[in-house]
Amino acid sequence: MTEVNRNNYEVFFMDYLDGNLSSSQEVILQSFLEKNPDLKQELKTFEKLTIPEESFHFEEKQSLKKSSYLNNRLRSNFDELCIAYTEGDLTKKEKLLLEASIKNFAEKKSTLKKYQHTKMQADTSVIFPEKKKLKKSGIIISLKKYYSSIALAASVLILIALYFFIPKTSDKVNQDKVMLSNTQSEIAVKKEVDVQISAPHSIAENKTPAEQTKKIVSTKETRQETKITPRITDSIHSITPLPVRPIKQNKNSLQLADVNTLISNKTLNYFQQEYAQEAEYMNLKSFLAESVNERVLKDNTQEKNNSVWFNIAQWSVHGINRITGSNISLEKEYNQDGEAEKINFHTKFIAFSTPIKEK
Amino acid sequence: MTVEQYNKSVDLYADAVYRFIVKNINHPDEAKDIVQDTFEKLWIKASDVSFEKVKSYLFSTAYHTMIDKIRKNKRISSVDEYGSLDPLHDNQYSDLSEVLNEAIKKIPDIQRSVILLRDYEGYSYQEIAEITGLNESQVKVYIYRGRMALKKYIGSMEVLI
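Bear in mind the structure is a predicted one, so any value in this text is a computation, not a measurement. (Residues numbered from 1 in each chain as written. Chains lettered and ligands numbered in written order. Predicted model: local features only at pLDDT ≥ 70, side-chain atom pairs only at ≥ 80, totals over all residues. Heavy atoms only, no water.)

(A) Fine view of the pattern of salt bridges. Counted by the stated rule, this structure contains twelve salt bridges over all chains. When salt bridges that share partners are traced, they join E87(A), D89(A), K119(A), R118(B), D119(B) and R147(B) into one network. (Salt bridge = Lys/Arg side-chain N within 4 Å of Asp/Glu carboxyl O.)

Next comes the structure, spelled out in structure tokens:
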């Protein structure tokens, strides 16, 4: 506001009285007052309205002050203070202060007394009548302090058992390998005879018998893949051909057709018989594994594990955990295809993980 | 703990534990069972419990056994169930301890337990907290409320004695 008129002079007056006008505004206001003497008079009456300062004293000010924490509690919760007194939670000084503060108040003294009466005394006439029955004779043997030692010893034993007995591949696959290796040797020998009979020019190319055998075995592998189960096929891939001793050819005793027939019929019949038997009868190891799974581990839904030693180790761990209350674990870790990848062994003292390849 | 120490514990604490339980549940036969269970548990754990800690172990075990029994018998009660603690004035009491024994039966279980542990055995708030599984503040609050209730009961009865 830069201009003062009769409509806004009140605001100017208030600002003037509060000392909020600038020097230029004060000049404007003085000029306005000269032109309006009635308003100048009005402003003077305002200036006289200042309230004189008076001194007031609250006489009980001292009573509002807190001399101690106890005083505060005395006013706020006397019951709490009495209970604290009864419980022995007050310091000696606080006790004396409390006693002094209620000295002249009969009601408060009575309240404190009542709280003190709530303190119960044990009734020693109440006794347990059958104490003799509770008493024991004999010795207390603490097995628990030996548990860690037992668990450690058992862990080491399991560790050793795992190292020596758990095969990297299953026993069955090993059997397959052996069986197929023997069969392949037979095939290789017979096929060599065949080659020597039917293709004498090969010999003329100065190839060693070993090289020829490699070729023959390779051919045979391809043929078998189409006829027998994938499990056997996988095993064949892992076979290294055995060295074949040269056999003297006897043209008169063997004919090409006879040899081929012999290889195909005899070998495949052998496989079929072996696996048919295996499907019909369980060997001892499989039976043990099955029994451990069903009876000890009580896990029928779990994938049947053909590794006997792994199951025995699991059973041992289970037993040790039961006896000692320890937390040893022996578990297989499976990949996304559900195939066992690793064996994890974990105890308080030692933990390891070993890869397995189970087909 | 040795067998001798175990048997000494029977001599020293069986009465106190029994008293604590019988005052809590007001049923002597059940209290005997609880004391026997408690000492059986101690016997099983004897090798793990030291003689110095046996009193605390016994009270804690007895307390929790009692709570389990109360729960099984569905006798657990909340504060609300007790309603008014106003005494029945037609009862005749000869002294204050009788009044107090009557009053202690009428307050909630948890308040009664902590007050008995405090008054009978002189346990600290911390020790009571360990025995009952509460925290120290809760123990203080239950003692406070229990004392208030007892005082109210006594206050009314003192006039009649």
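(B) Up close: the environment of V22(B). With respect to the helices and strands, the residue V22(B) is situated in helix α1 (residues 3-25). Relative accessible area serves as the criterion here: at 12%, V22(B) is assigned to the buried category. In this structure, the C-alpha to C-alpha distance between V22(B) and I34(B), residues twelve residues apart in sequence, is 9.5 Å. Setting aside chain neighbours within four positions, we find V22(B) in contact with V126(A), H27(B), P28(B) and A31(B). (Helix = DSSP H or I, 4+ residues; strand = E, 2+ residues; numbered from the N terminus. Buried < 20%, exposed > 50% of the residue type's maximum accessible area, 1.4 Å probe, protein only. Contact = heavy atoms within 4.5 Å.)

(C) Just the environment of K32(B), in detail. Looking at the element boundaries, K32(B) is found in helix α2 (residues 28-44). The spacing of K32(B) and R19(B) is 13 residues in sequence and 9.8 Å in space, taken between C-alpha atoms. The residues touching K32(B), leaving out its near neighbours within four places in the chain, are F128(A), P129(A), E130(A) and Y18(B).

(D) Spotlight on the sheet that holds strand β2 (residues 340-346) of chain A. Residue and element names in this part refer to chain A. Across the sheet, which stays open at both edges, the three strands sit in the order β1-β2-β3 with antiparallel pairing between neighbours. Every interior strand has two partners, whereas the edge strands, β1 (329-334) and β3 (351-355), have only one. Averaged over all neighbouring strand pairs, the angle between strand axes comes to 20°, with direction disregarded. Relative to β2, β1 runs antiparallel, the two sharing six bridges. (Pairing = 2+ DSSP bridges. Axes fitted to C-alpha atoms, helices over the stretch in contact; angles between N-to-C directions.)

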